[in-house]
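Remarks on the overall topology
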Amino acid sequence: MTQALKLSQLIGSLSYALDITEGQPEGHCVRSCWIGMHIGRAIGLSPQELWDLYYTILLKDLGCSSNAARICELYLTDDRDFKQDFKRVGASLPQMLGFVFANTGTHAAGWRQRAASILNVLRRGKEMADELINTRCHRGADIARQLRFNENVARGIQYLDEHWDGSGRPLGLSGQAIPLNARIALLSQVIDVFNVTHGRHAALDEAVSRGGGWFDPELVAAFRGAARDDGFWRQLESDDIEQAVLELEPAQFTVPLDEDYMDEIAEGFGQVVDSKSPFTAGHSHRVGHYADRIGMELGLDPQRRRWLKRGALLHDVGKLGVSNTILDKPGKLTPEEWEAVKRHAAYTETILGRIESFAELARVAGAHHERLDGTGYPRGLMADQIALETRIITVADIFDAIHAARPYHPENPVPVTLDIMRQSLGSALDPRCFAALEGVLREEDALESDLICLT
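To keep things clear, this report deals only with the structure shown in the data block. Fair warning: this is a prediction, and the values are worked out from it, not measured in the lab. One numbering rule holds for all chains: residues counted from 1, following each sequence as written. Under the rules for a predicted model, residues below a pLDDT of 70 receive no local features and side-chain atom pairs below 80 are neither given nor counted, while totals for whole chains, interfaces and linings still include all residues. Side-chain metrics in this entry use all non-hydrogen atoms of the structure; hydrogen atoms and water are not considered.

1. Focus on the nonpolar core
General note: in soluble globular proteins, nonpolar side chains tend to be found buried as a group. Test applied: The nonpolar core is taken to be a set of buried Ala, Val, Leu, Ile, Met, Phe, Trp, Tyr and Cys residues, with the residues joined through side-chain atoms within 4.5 Å. Throughout this description, buried means an accessible area under 20% of the type-specific maximum (1.4 Å probe, protein chains only), exposed means over 50%, and partly exposed covers the range between. Any two residues whose heavy atoms approach within 4.5 Å are treated as being in contact.
Within the largest apolar cluster, 103 residues are counted, with the highest numbers of intra-cluster contacts made by F149, I265 and F269. When residues no more than four places from it in sequence are discounted, the contact partners of F149 are L7, I11, W51, Y55, L59, A144 and Y261. Of all hydrophobic cores here, the second largest spans 11 residues; its members include I71, L74, F82 and I118.

Set out below in structure tokens:
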């Protein structure tokens with residue numbers, strides 16, 4: 001099944017996770033890719049250059065989760081709403097001020113705190129924006145490199161927020177000094193945002209009005225040429241846009257999607273998930289590790305364990321759609337906030353389920369909050385409906401969630417963590433999987449003790 005899966009299918013489907021992190025309607029990266037590839041063709045890019053552009057745009061938001069927590073902290077606001085609105089803001093002072101007043105202090109404790117937050121942004125706005133964009137761009141480029149993409153792709157992601165007139169970030173590059181892929185990606189994303197929110201004429205007007213400012217005038221002219229074709233817009237707005245974009249990938253540069261590369265992509269997107277909150281750093285990696293070891297204890301064959309580990313690495317990909325005002329909240333969640341958290345499991349299944357050969361993995365990973373007694377979510381499955389692999393991921397996930405520090409509790413020692421988990425055996429947690437976890441922890445503790453003795 002893996003052999004039949006193309007890199008474009010996998011990355012295109014996982015790009016939907018980046019859309020929800022940015023607060024964008026699903027398919028934003030895919031639609032931006034359709035726009036950008038038409039611009040690239042119009043200016044005569046070679047097949048290799050088009051391939052680089054293709055993945056730059058699909059992965060342009062790869063670093064988007066890395067500044068989410070900081071946005072909430074600095075602006076006292078919902079990071080997803082903030083990011084969504086930010087993509088519609090122009091360069092004029094009235095627009096920027098309107099954005100600041102509308103998106104700062106929306107989660108403040110009262111009007112005094114909100115006023116202080118707005119004043120802080122007015123005083124330090126440039127410094128704060130520089131920090132946020134620098135974090136996002138560098139993190140995205142680093143992950144792209146880890147995923148084996150070349151420097152043209154990585155630099156396209158890193159300099160996405162630079163502007164033709166030098167007013168952008170993180171370096172204030174201007175003109176031809178900005179990588180071409182970054183110039184096309186920025187123009188494409190703005191066109192998609194305005195087309196979705198205000199229609200094709202508004203999108204064209206926005207592109208033209210920012211030509212020579214944010215955007216390379218030559219690229220704007222190329223887009224105007226593509227925009228004259230009504231078929232361009234009909235396909236962009238159609239339900240089968242994803243398939244149309246898959247067909248745009250230059251076929252002569254197809255990358256083999258072997259098992260090792262699948263593992264690396266799962267690891268990379270696990271890092272995107274874990275970057276969403278300082279409290280979840282390394283969480284997906286640890287859940288993947290413990291799920292793999294529990295699977296070994298239970299006798300799963302190596303290939304099935306490899307498959308299981310990918311599901312464990314991606315089990316929380318749906319959390320990219322949950323605001324950090326909720327994820328990082330130290331106090332008790334409101335009923336509405338709890339419902340928002342619960343939706344992440346369904347998001348995980350939906351995102352992974354976009355990949356046909358991931359159908360089983362999507363169900364297994366998306367069910368990691370189901371309980372044996374039927375009181376879990378999102379479907380309230382009973383024990384006989386919950387796969388062994390899901391039970392393994394659940395035990396690994398709960399162990400790390402209790403053991404590691406979270407906003408609502410400090411780090412718990414391993415014995416305390418296991419005692420807490422024992423209270424849920426048979427009702428939430430599978431006793432066999434829990435016993436396997438205990439065996440893994442004993443082995444790792446013994447190994448650690450041996451290493452200490454050797455040193």
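2. Overview of the packing of helix α15 (residues 283-297) against helix α20 (residues 388-403)
Inclusion rule: Whenever a helix is involved, its axis is fitted only over the stretch in contact; in every case the axis is a line through C-alpha atoms, and angles between N-to-C directions fall within 0 to 180 degrees. Counting from the N terminus, the helices are the DSSP runs of H or I reaching at least four residues and the strands are the DSSP runs of E reaching at least two. Put simply, angles under 35 degrees are roughly parallel, angles over 145 are roughly antiparallel, angles from 65 to 115 are roughly perpendicular, and the rest are oblique. Definitions for this section: a left-handed crossing has its near helix turned counterclockwise from the far helix by less than a right angle. A right-handed crossing has that turn clockwise. Residues were grouped as follows: Ala, Val, Leu, Ile, Met, Phe, Trp, Tyr, Cys and Pro as nonpolar; Asp, Glu, Lys and Arg as charged; and all remaining residues, including Gly, as polar.
In the contact formed by α15 and α20, the axes pass within 8 Å of each other and the chain directions differ by 135°. Between α15 and α20, the angle falls in the class oblique. The handedness of the crossing between α15 and α20 comes out as right-handed. Here H283, R286, V287, Y290, A291, I294 and G295 of α15 lie close against α20, whose contacting residues are I392, I393, V395, A396, D397, F399, D400 and A401. The residue makeup of the contact of α15 with α20, split by class, is 10 nonpolar, 2 polar and 3 charged.

3. Observations concerning the packing of aromatic side chains
Stated precisely, the cut-off is as follows: Here the aromatic set is Phe, Tyr and Trp, taking the six-membered ring for Trp, and pairing holds for ring centres within 6.5 Å; pairs whose planes are under 30 degrees apart are stacked, those over 60 apart are edge-to-face, and all others are tilted.
For the structure on display, the rule yields 15 aromatic pairs. The interplanar angle of 50° and the centroid separation of 4.7 Å between the aromatic rings of W51 and Y55 together place this pair among those described as tilted. Of the two residues, W51 and Y55 both sit in helix α3 (residues 47-58), 4 residues apart, roughly one turn of that helix. A relative accessible area of 7% places W51 in the buried class. Under the relative-accessibility criterion, Y55 is labelled buried at 0%. Between F82 and F99, the aromatic rings sit 5.0 Å apart at their centres with planes inclined by 65°, giving edge-to-face as the arrangement. Of this pair, F82 sits in helix α5 (residues 79-86) while F99 sits in helix α6 (residues 93-103), placing them 17 residues apart in sequence.

4. Regarding helix α7 (residues 111-146)
As a reminder, the rule being used: Working rule for helices: expected span equals 1.5 Å times residues minus one. Fitting axes to the seven residues ending at a residue and to the seven starting there, one defines the bend at that residue as the angle between these axes.
Taking 1.5 Å of rise per residue, 36 residues should cover 52 Å, yet α7 covers just 44 Å from first to last C-alpha, more than 12% shy of that figure. Of all the bends in α7, the greatest, near 80°, is centred on R124. Following α7 by one or two positions, R148 has its phi on the positive side, about 75°.

5. Comments concerning helix α1 (residues 7-21)
Between its first and last C-alpha, α1 extends 22 Å over 15 residues, near the 21 Å set by a 1.5 Å rise per residue. Across the 15 residues of α1, 14 count as buried, placing the element largely inside the fold.

6. Looking at the packing of α3 against helix α9 (residues 180-198)
Where α3 contacts α9, the two axes come as close as 10 Å, and the packing angle between them is 50°. Considered as vectors, α3 and α9 are oriented oblique to each other. α9 is crossed by α3, and the crossing has right-handed handedness. Taken together, the residues of α9 that come into contact with α3 (itself represented by E49, D52, L53, T56 and I57) are N181, I184, A185 and S188.

7. What about the environment of E49?
Within the secondary structure, E49 sits in helix α3. Measuring from C-alpha to C-alpha, the distance between E49 and P250 comes to 9.5 Å, with 201 residues separating the pair along the chain.

As far as function goes, none of this settles anything; it's purely spatial.
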